[in-house]
Amino acid sequence: MKKIFSLILIVSVALFATNTATAQKFGHIDLQTIINNLPDTKAAQTAFENEGKKFDEQLQTMSLEYQNKVQAYQENMQLADAAPEKWSAAIRQDKEAEIMQLQERIQRFQENAQQSLQQKRQELYAPILEKVDNAVKKVAVAGNYIYVFDKNNVLFINTALSTDLTDAVKKELGM
């Protein structure tokens, strides 16, 4: 009985050691390099930059309008100082309110533009990230890797004990 128990124990330990050795397969990739070198990324970046330029142009137009109104207000205030009857308090208050409304509109526009650009970036890059994620998963499953780390987001990685799968993922992506 002791011999059978010992034999079962030895076989179990050997199987566990074999399973553990194969289960401890680690890989790493350089995700940023993969993403940056995808043709899809270049197209997404161009589309994102074009969207940003549209917002910049609109903001420049609004800023120019704001500067012109402030300059006109200041010039009229100087004239009003010389001839107070030309600009009443009501007109001055109206002009000040107009300038403040424009300033608030510019601020809202900047906030909305920033949100819109973040949304656009997410919209443009989501398919790219999904494509890379699928390729990483495919390479990892094919190579029986349990973990694949992005080497740029890990505090330490011993590359001697981990396989670099960057080229395999690039190949999977057709790069």
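Residues numbered from 1 in each chain as written. Predicted model: local features only at pLDDT ≥ 70, side-chain atom pairs only at ≥ 80, totals over all residues. Heavy atoms only, no water.

Draft legend 1. Looking closely at the overall build of the protein. Counting its regular elements, the protein contains five helices and three strands. Per-residue burial over the protein gives 23% buried out of 175 residues. Counted over contacts in the protein with a minimum sequence separation of 6, partners at least 24 positions apart contribute 86%. For the protein, the computed accessible surface area is about 12900 Å², with 55% contributed by carbon and sulfur atoms. (Helix = DSSP H or I, 4+ residues; strand = E, 2+ residues; numbered from the N terminus. Buried < 20%, exposed > 50% of the residue type's maximum accessible area, 1.4 Å probe, protein only. Contact = heavy atoms within 4.5 Å. Areas by Shrake-Rupley, 256 points an atom, 1.4 Å probe, with all protein chains shown as cover.)

Draft legend 2. Highlighting the pattern of salt bridges. Within the structure shown, the criterion is met by eight salt bridges. With a shortest N-O distance of 2.9 Å, K137 and D133 are connected by a salt bridge. Here the residue K137 and the residue D133 both occupy positions in helix 4 (residues 89–142), the gap between them amounting to four residues, near one helical turn. (Salt bridge = Lys/Arg side-chain N within 4 Å of Asp/Glu carboxyl O.)

Draft legend 3. Representation of the nonpolar core. Among the nonpolar cores identified, the biggest contains 18 residues, and I29, I34, I128, V132, V169 and L173 are the most heavily contacted of them. Within the residue set of this core, elements represented by two or more residues are helix 2 (31–37), helix 3 (39–82) and helix 4. Contact partners of L173, with chain neighbours within four places excluded, come to I34, L38, K131, V132 and A135. F55, M62, L102 and A113 belong to the second largest nonpolar core, which has six residues in total. (Core = buried A, V, L, I, M, F, W, Y, C linked by side-chain atoms within 4.5 Å.)

Draft legend 4. Seen up close, unusual backbone geometry. Unusually for a residue other than glycine, N144 sits at a positive phi of about 60°. On the secondary structure map, N144 appears in the loop between helix 4 and strand 2 (147–150).

Draft legend 5. Examining the side chain of K170 more closely. Relative to the helices and strands, K170 is located in helix 5 (residues 166–172). One buried charged residue, K170, remains without a salt bridge, the closest side chain of opposite sign being D167 at 4.6 Å. Apart from the residues within four sequence positions on either side, K170 is in contact with T33, I34, N37 and M175. (Lys, Arg positive; Asp, Glu negative; His and termini not counted.)

Draft legend 6. Expanded view of the sheet that holds strand 3 (residues 163–164). Judged by pairing direction, the sheet is parallel, and its three strands sit side by side in the order 2-1-3 without closing on themselves. Each edge of the sheet is formed by a strand with only one pairing partner; in this case those strands are strand 2 and strand 3. Alignment of strand 1 (residues 26–29) against strand 3, held across two bridges, turns out to be parallel. Each residue of the ladder has a partner; that of H28, found in strand 3, is D164. (Pairing = 2+ DSSP bridges.)

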